[in-house]
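Here are the chains, one letter per residue:
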Amino acid sequence: MSERSERTSATAFLRACSLSELAEDTPKRVEVGGVPVSLVRTEGEVFAINDICSHANVSLSEGEVEDCMIECWLHGSSFDLRTGKPSGLPATRPVPVYPVKIEGDDVLVSVSQES
């Protein structure tokens with residue numbers, strides 16, 4: 001996968017994948033600038049959240065998506081795709097979320113700027 005960099009307002013956006021590769025409500029793990037990211041296409045938007053659960057150090061992209069939340073498959077913690085905040089125990093710390101831009105069929109993510 002080639003990574004195309006674009007600088008906008010000192011924020012680097014890198015190509016993560018094609019929009020056509022993202023199935024609705026199905027997380028996809030990608031590496032963006034060496035950072036593991038879970039991309040989720042849901043509710044008409046694409047979200048980018050760090051792929052590592054803050055509770056158990058496992059891949060969130062192996063979990064389920066529902067109501068703009070991604071659930072960790074190991075212990076059931078859910079994280080809001082918009083904010084990264086957990087909805088309940090056992091996770092207590094949020095995971096980083098990243099800005100996303102869509103240009104044509106390219107999904108661009110900036111891991112240099114966490115939300």
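Note that the structure is predicted; figures quoted are calculated from it, not measured.

Colleague: Requested: an account of the pairing of strand β5 (residues 45-50), with residues and values cited.
Modeller: Taking burial as the measure, the 6 residues of β5 include 5 buried ones, the bulk of the element. Where strand β4 (residues 35-42) lies against β5, 6 bridges are found, and the strand directions are antiparallel. In the sheet register, V37 faces β5, and the bridge partner there is N50. In textbook terms, the turn of a hairpin is the stretch between consecutive antiparallel strands, and for β4 and β5 this stretch comprises 2 residues, one of which, E43, has a positive phi near 50°. By the bridge criterion, 2 bridges tie β5 to strand β9 (residues 97-98) in an arrangement that is antiparallel. Considered in β9, the bridge of A48 is made with Y98.

Criteria and cut-off values
- Residues numbered from 1 in each chain as written.
- Predicted model: local features only at pLDDT ≥ 70, side-chain atom pairs only at ≥ 80, totals over all residues.
- Heavy atoms only, no water.
- Buried < 20%, exposed > 50% of the residue type's maximum accessible area, 1.4 Å probe, protein only.
- Helix = DSSP H or I, 4+ residues; strand = E, 2+ residues; numbered from the N terminus.
- Pairing = 2+ DSSP bridges.

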